[in-house]
Amino acid sequence: MGKMSAVGLQSIHEKFPNLEVVILSCFDKDIDRLKLFAKSNAITIPIVTDCESIKKDYNIAVYPVYYIIDENGKVLYTRTGYNNKVTEKQLEDAVTNHLLLKE
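All values derive from a computational prediction rather than experimental measurement.

S.K.: I'd like a description of the confidence of the model for the protein, backed by residues and values.
M.R.: In the predicted model, the protein carries a mean pLDDT of 86, and 98% of its residues have values of at least 70. When the elements of the protein are averaged for pLDDT, helix 4 (residues 87-102) gives the smallest value, 84, and helix 2 (residues 31-40) the largest, 91.

S.K.: Any chance you could break down the layout of surface pockets for me, citing the residues and the numbers?
M.R.: Of the pockets and cavities examined, the largest pocket occupies roughly 1,100 Å³. If you go around the largest pocket, you meet 37 residues; those closest to its centre are Val21, Val22, Ile23, Tyr66 and Tyr67. Partitioned by chemical class, the residues of the lining of the largest pocket number 27 nonpolar, 5 polar and 5 charged.

What counts and what doesn't
Residues numbered from 1 in each chain as written. Predicted model: local features only at pLDDT ≥ 70, side-chain atom pairs only at ≥ 80, totals over all residues. Heavy atoms only, no water. pLDDT = per-residue confidence, 0-100. Helix = DSSP H or I, 4+ residues; strand = E, 2+ residues; numbered from the N terminus. 1 Å grid on protein atoms, 1.4 Å probe; cavity = no way out; pocket = protein on both sides within 12 Å on 5 of 7 lines; lining within 4 Å. Points joined across faces, edges and corners; volume = space filled by probe spheres on them. Nonpolar A, V, L, I, M, F, W, Y, C, P; charged D, E, K, R; others polar.

As C-alpha cells, this is what we get:
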C-alpha cells in the first residue's frame with residue numbers, strides 16, 4: 001500500500017466525514033504490518049485485506065485504482081494510478097460533483 005495514496009484517502013475521509021472510505025490492501029495481507037502502517041501514518045479508515053470478491057466484482061486489474069461507488073453499488077468514478085499532485089484533487093472534485101448531483 002502506498003503511503004501517499006493512503007494518506008490522501010485519509011484526507012478525503014476527513015474532508016467528507018459522512019462518506020464511507022475504505023482502503024483495500026490486496027497485496028500486503030500482513031495484519032500487524034498494516035496496523036503499524038496505519039498507526040504511524042494516522043490512518044483511521046478501515047483497511048480491508050480480504051478483497052478477492054471485490055476485485056472480481058469490480059474487475060480490478062491494476063493498482064492503485066480508486067472508485068467512487070454509490071449506495072446502490074453503481075460505480076460513479078474510476079481513476080487508476082497515483083500522482084500526488086493530481087489524484088487527491090481529482091477525487092475531491094469527483095466526490096463534490098457526486099454530492100452536488102444528489103442535492
